[in-house]
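Understanding the architecture of this molecule
Chain residues, written in single-letter form:
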Amino acid sequence: MRAVFATGLLALAASCAAFSSAAAQPVTLTVQVTGVESSEGKVVVGLCPRSFDEKDCTAGQSVAAKAGTMRFTFRAVPSGSYAVAVYHDVNGNGRLDKQLIGVPAEPYGFSNDVGRIGPPSFNGARVAVTAPATTINVRLARIGR
């Protein structure tokens, strides 16, 4: 799972700004992912407190895809600011596939729907996560949709 998560996130968010997340009361964070195209492969979700870099996105989940809407729950997350990166590994090869020019070939999405027209802005994707619970919505789509 770590390899799938790390490889996909590195491909998805190659360059973004960093920030600090304040540790405080634990939060139950729900990531609601819409637009899952099919039940093929896996959906990979990364919770990123400082940047989209692999070393900074240590909380993640990878689950068998289910067409439509999926929900991922992260428990005891320190309150603060986070960005969420998601991709649908449709063919199950353990990475986010890219087109010849380097853009994602599989569905992807970020919190606040950043990254649809160019590289995702980490600061633009940040969402405040506060106690007792927060829900972040992420829409999966292919490039240009």
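Residues numbered from 1 in each chain as written. Predicted model: local features only at pLDDT ≥ 70, side-chain atom pairs only at ≥ 80, totals over all residues. Heavy atoms only, no water.

Further remarks concern the sheet that holds strand β1 (residues 26-36). Spatially, β4-β1-β8 is the arrangement adopted by the three strands of the open sheet, whose pairing is mixed. Two strands bound the open sheet, and with one partner strand each, they are β4 (68-78) and β8 (133-139). Mean inter-strand twist for the sheet, computed between neighbouring axes without regard to direction, equals 20°. When β1 meets β4, the two strands line up antiparallel, connected through eight bridges. Each bridged residue has a counterpart across the sheet, and for Val36 the counterpart in β4 is Gly68. (Pairing = 2+ DSSP bridges. Helix = DSSP H or I, 4+ residues; strand = E, 2+ residues; numbered from the N terminus. Axes fitted to C-alpha atoms, helices over the stretch in contact; angles between N-to-C directions.)

So, about the state of the cysteines. In the structure shown here, the tally under the stated rule is one disulfide. Between the sulfur atoms of Cys48 and its disulfide mate Cys57 the distance is 2.1 Å. Across the S-S bond of Cys48 and Cys57 the torsion is about 115°, and the bridge reads as right-handed. Residue classification places Cys48 among the buried residues on the basis of a relative accessible area of 0%. In this structure Cys57 comes out as buried when scored by relative accessible area, which is 0%. (Disulfide = S-S within 2.5 Å. Buried < 20%, exposed > 50% of the residue type's maximum accessible area, 1.4 Å probe, protein only.)

Ranked by size, the top nonpolar core spans 21 residues in total, and within it Val31 and Val45 carry the most contacts. It is β1 that provides the largest number of residues to this core, a total of five residues. Setting aside residues up to four positions removed in sequence, Val31 forms contacts with Val45, Met70, Arg71, Phe72, Phe74, Val84, Ile136 and Val138. (Core = buried A, V, L, I, M, F, W, Y, C linked by side-chain atoms within 4.5 Å. Contact = heavy atoms within 4.5 Å.)

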